[in-house]
Amino acid sequence: MNSIGKIGLIMPEITDPLDYELLDGIYGQAEKLGYDVVVFTGVLNSMSDEKRDYYTEGFDNIYSLICKSSLDGLIFAADRFRNDQLVHRIFDYIAQTDIPVLALEYKHGMTPYINAEQHDGAYAMTKHLIEVHSCRKLYCIAGFPGHEPSEERLHGFIDAMNDFGLDIGENSIFYGNYWRDIPEQIARDIAAGKIEYPDGVVCLSDSMAIYFGNELSRNGIAVPDAVKITGYDGMWYSAMHTPITTTICGRDRQFGETAVCRLYEIMTGKSCEAVGNTQTIRYGTSCGCSYETAAAQSGFLVSLQKKVAKQLFRGFEKKSFLGADFISKMSDAENLSALMDTVDNVGHILSGWKWLDIALCEDWQSDLDNPCNFRQHSFSDKMYLALSKRYGENDKSGYYFPAADILPALEKSHEPMITVLTSLHCKGQIFGYIAMSFDSHDDIELDDYFVNWTDAVSSGLHSLQKRLYINYIHQQMESFSTKDAVTGMLNKRGFTEALPGILNELRKSGKGHCLLLISWLDDTAAYDVAGIVANALKKAAANQLCGRLGENVFSVLMRFENDTELFITELKNELTATLGNPALLPELFTGEYEISGKLPSEIERSVDDDYRLFSEKRSSELNKNYTYREQIYSLRREIITKPQLDWNIPDISRKLGISKTHLQRLYKELFSTSIKDDIILSRMNRAMQLLAHTDLRVQEIAEQCGYKNENHFMRQFKEKNGMTALQYRKNSV
């Protein structure tokens, strides 16, 4: 089914399992109806009393995009925000639109809102303690007094007690404010005899149940033998606690699906069939149920196992990118195209996405004549699609689109998906936003790596902006000068002004000539390539006219009696002498061009044309390199996850279509290690896992790690780990 529209969702963060559960319900129902879900999130969810600065405000600016977005409907999870001032600001944004909106568990003026179903879960939990565990004297620790959802849960407890004809004593109900202090005090009072012992306690949140139970145990009261305890909310940590907390799960998933159905009714005037998720009891051992009863919930345990396995693999995957050095690479970009190529190149650090897009405000460069005048709020009406990354071949980018579209790709035919929008900002300036689209809510991961990655992109834009301003000032100065301020060589103006006289003499004497343009393909080098090349060029071309036409392009007027190849070899020798290590030598990119025209204006135009053609060819060559780099990132992931394969460099280079030398140089540049060392390291890691956690013979382990010769494996294992494989196994026991 193709998407028929977009439903917006405003959430402060996506970190808690209940956030994912809500997303699951919303996206599952929206997908069934044929809608995309577009999530606007500020990531941090800072509290009202926390110090708010440019950084925090920059993240929260994403909510202002609602004013410009074309959405069919909007769900505002206002209850999840910890900053009430921000909530009211978002309602002000919404008021500027005519988008049908539904607020979750938050009353605001005439805005429609709904609350999650809270009553039946508390009723079912109380009933379980009464019927299954024969509890008669029950207490309830509720949330906030007067808080509508909290009171609804409490009424579920009261109704169950009344239906079973059980007495609700004057001191049977407490308000714990969903935190630890009051539940822990209640536990101490029970232990001290100030409050009569109950058979069980229905805690209306998992956190209160755990704090209450822990305090009982500290005071010598066994759970569940002496007092049975239940929770509410179905938090993951409640399943990992001892004893395992019996709780209600599925509330937020059901709530999300109900919210979409209600919004659909507001949008269309029609009702729709819900997916049908319900709240259920997730049995643990805190209520007195056996471990076997808890373990019988195989669906939940499988889900938990997958979650843990995913986190472990994600942690392992993150380690493979520690050498990517993406922060400095983004900060060193010479222009927007180079920056986006770098972003494209390290996009794999973020996992699970199907689309990765970067949209920049029309005025992201700010006013070069007045650099203090920059965008601090909202977004421009037109956005610039700087990157549209896809697995495989990227979509077209480098054009403007209406901010109302959010993303051009969402206007094309596609199946429903979930897209997450976060702000790009740095030091008070709003640059634009990042959009990541996913097939499943489970793939979303806005963790510290994501925040660091987006900060690196923003810092890269900020550094580029400063570089553009410096270049602009240099251009203003160079318009009155003939020398390059950095290298002391002739600049473009000086070079083209000197050409006519020299060319005239060469032509009169019948001597041939050409324009040699020199650049390099190592935009990520750890040293100042331009400065090193400039110094080497001054020595190699001491008796020839040379200059700096652009930030990364140098020029030499070559006479035909001079061998160009010999000159380039001499230049490389000078570079090697300066760097002291041939391995650090930049990959030079050169081109020879004819200079046409006799008049100074004609010669200048000819040099401009040659420079433009050379720059286009260089960009094309760089793009090939970036394509290779993307393939090499994929290659490394495969080496790490499949070390048992028969990896060899000649076969890899043939598969990628590049030379062995180029492959090894790019790999070393990207990961600060060689392919050979990575293969050995991956095989050693696999071997250590198998030695520590299996009873396989050494020969079998060698085979599973890609070694055809057991002796070779044993020799290499001892060389890399300082002990034999059998010694390692013995030490691991």
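Up top is the structure.
The paragraphs below set out a description of the structure included in this document. (Residues numbered from 1 in each chain as written. Predicted model: local features only at pLDDT ≥ 70, side-chain atom pairs only at ≥ 80, totals over all residues. Heavy atoms only, no water.)

1. Considerations on the packing of helix 6 (residues 181-191) against helix 7 (residues 206-218)
Rule in force here: Convention adopted: a line fitted to C-alpha atoms gives each axis, helices being fitted over their contacting stretch, and angles between N-to-C directions are expressed from 0 to 180 degrees. Runs of H or I in DSSP of at least four residues are treated as helices and runs of E of at least two as strands, each being numbered from the N terminus. The scheme is simple: roughly parallel for angles under 35 degrees, roughly antiparallel for over 145, roughly perpendicular for 65 to 115, oblique for anything else. Left-handed describes a crossing in which the near helix is turned anticlockwise from the far one by less than a right angle; the clockwise case is right-handed. The criterion used for residue contact is that any of the two residues' heavy atoms lie within 4.5 Å. For this scheme, ten residues count as nonpolar: Ala, Val, Leu, Ile, Met, Phe, Trp, Tyr, Cys and Pro. Four count as charged, namely Asp, Glu, Lys and Arg, and the remainder, Gly too, count as polar.
It is the contact of helix 6 with helix 7, at a shortest axis distance of 8 Å, that shows an interaxial angle of 30 degrees. As summarised for this structure, helix 6 and helix 7 are arranged roughly parallel, according to the angle between their axes. For the crossing formed where helix 6 meets helix 7, the hand is right-handed. Every residue of helix 7 that contacts helix 6 at P183, E184, I186, A187, R188 and I190 is listed here: M208, Y211, F212, E215, L216 and R218. Grouping the amino acids of the contact of helix 6 with helix 7 by side-chain chemistry returns eight nonpolar, no polar and four charged.

2. Structural notes on unusual backbone geometry
Generally, phi is negative for residues other than glycine and the peptide bonds are trans, each holding for most cases. Residue V223 is joined to P224 through a cis peptide bond whose omega torsion reads 10 degrees. The topology assignment puts P224 in the loop between helix 7 and strand 9 (228-230). With omega at 0 degrees, the peptide bond leading from T242 into P243 counts as cis. When you line up the elements, P243 lands in the loop between helix 8 (236-240) and strand 10 (247-249).

3. Looking at the packing of aromatic side chains
Test applied: Think of it this way: a Phe, Tyr or Trp ring, Trp meaning its six-membered ring, pairs with another when their centres are within 6.5 Å, and the plane angle makes it stacked under 30 degrees, edge-to-face over 60, tilted otherwise. Only protein chains enter the calculation, and the probe is 1.4 Å; a residue is then buried if its accessible area is under 20% of its type maximum, exposed if over 50%, and partly exposed in between. When the NZ atom of lysine or the CZ atom of arginine is within 6 Å of a ring's centre and also within 35 degrees of its normal, the charge is said to sit over that ring.
Using the criterion set out here, one finds 17 aromatic pairs in the structure. Ring centres 5.8 Å apart and planes at 75 degrees place the aromatic pair Y139 and F174 in the edge-to-face group. Of the two residues, Y139 is situated in strand 6 (residues 138-142) and F174 in strand 7 (residues 173-175); the sequence distance between them amounts to 35 residues. As far as the burial class goes, Y139 and F174 line up, both buried. Look at F717 and Y728: their rings are 5.8 Å apart centre to centre, the planes differ by 70 degrees, and that puts the pair in the edge-to-face class. Of this pair, F717 sits in helix 23 (residues 710-721) while Y728 is found in helix 24 (residues 725-732), placing the two residues 11 residues apart along the sequence. Cation over ring: K396 sits above Y399, and NZ or CZ is 5.5 Å from the ring centre. Directly above the ring of Y707 sits R683, whose terminal nitrogen or CZ lies 5.4 Å from the centroid.

4. Regarding the sheet that holds strand 12 (residues 355-361)
Paired through their backbone hydrogen bonds, the strands of a sheet run either parallel or antiparallel. Basically, it comes down to this: Two strands pair if DSSP finds at least two bridges between them.
Within the open sheet, the 10 strands sit side by side as 5-4-3-1-2-15-16-12-13-14. Their pairing is mixed. Each edge of the open sheet is held by one strand with a lone partner, namely strand 5 (113-114) and strand 14 (399-402). Strand direction decides the pairing type here: strand 3 (residues 73-76) and strand 4 (residues 101-104), joined by three bridges, are parallel. Residue L74 lies in a different strand from strand 4, and its bridge partner there is V101. This element, helix 13 (residues 336-345), spans strand 12 and strand 13 (382-390) of the sheet and lies at about 40 degrees to strand 13.

5. Considering empty space enclosed by the protein
Cut-off, in case you're wondering: For each structure, a 1 Å grid was placed over the protein atoms alone; sets of points admitting a 1.4 Å probe that cannot get out are labelled cavities, open sets with protein on both sides within 12 Å along at least five of seven lines are labelled pockets, and lining residues have an atom within 4 Å of a point. Grid points are joined across faces, edges and corners, and a volume is the space filled by probe spheres set on the points.
Scanning the model with the defined rule gives five cavities of 30 Å³ or more in all. The volume enclosed by the largest cavity comes to roughly 80 Å³. Forming the boundary of the largest cavity are A209, I210, G213, N214, S217, V223, I229, H241, T242, P243, T245 and S286. Per-element tally for the lining of the largest cavity: the top contributor is helix 7, with five residues. By residue class, the composition of the lining of the largest cavity is five nonpolar, seven polar and no charged.

6. Here we look at the pairing of strand 12
Looking down a regular strand, the side chains alternate between one sheet face and the other. Counting buried residues in strand 12 gives seven out of seven residues, a clear majority hidden from the surface. Of the two faces of strand 12, the one carrying W355, D357, A359 and C361 and the one carrying L356, I358 and L360 are both buried.

7. A few points about the environment of E151
Tracing the backbone through its elements, the reader meets E151 in helix 5 (residues 148-163). Sequence separation between E151 and R253 is 102 residues; the distance between their C-alpha atoms is 21 Å. If near-sequence neighbours (up to four positions away) are discounted, E151 is found in contact with F144, P145, G146 and Y175.

8. Topic: the nonpolar core
Taken as a class, soluble globular proteins show a tendency for nonpolar side chains to be buried jointly. For clarity, the threshold we go by: Residue types Ala, Val, Leu, Ile, Met, Phe, Trp, Tyr and Cys, when buried and joined through side-chain atoms within 4.5 Å, form a set referred to as a nonpolar core.
Among the nonpolar cores identified, the biggest contains 119 residues, and Y63, I90, I358, L360 and W453 are the most heavily contacted of them. In this structure, A541, F567, L579 and L588 belong to the second largest nonpolar core, which totals 24 residues.

9. Looking at the sheet that holds strand 20 (residues 588-593)
Across the sheet, which stays open at both edges, the four strands sit in the order 18-19-17-20 with antiparallel pairing between neighbours. Across the chains shown, the open sheet's two edge strands, defined by having one partner strand only, are strand 18 (546-550) and strand 20. Going across the sheet, the axis of each strand differs from the next one's by a mean of 30 degrees, ignoring polarity. As judged from the six bridges shared by strand 17 (residues 513-520) and strand 19 (residues 553-559), these two strands associate in the antiparallel manner.

10. Focus on the pairing of strand 17
Of all eight residues making up strand 17, eight are buried, and the element is well covered by its neighbours. Burial along strand 17 is two-sided: the residues H513, L515, L517 and S519 and C514, L516, I518 and W520 are all buried. The pairing of strand 17 with strand 20 spans six bridges and is antiparallel. Paired with L516 across the bridge in strand 20 is E592.

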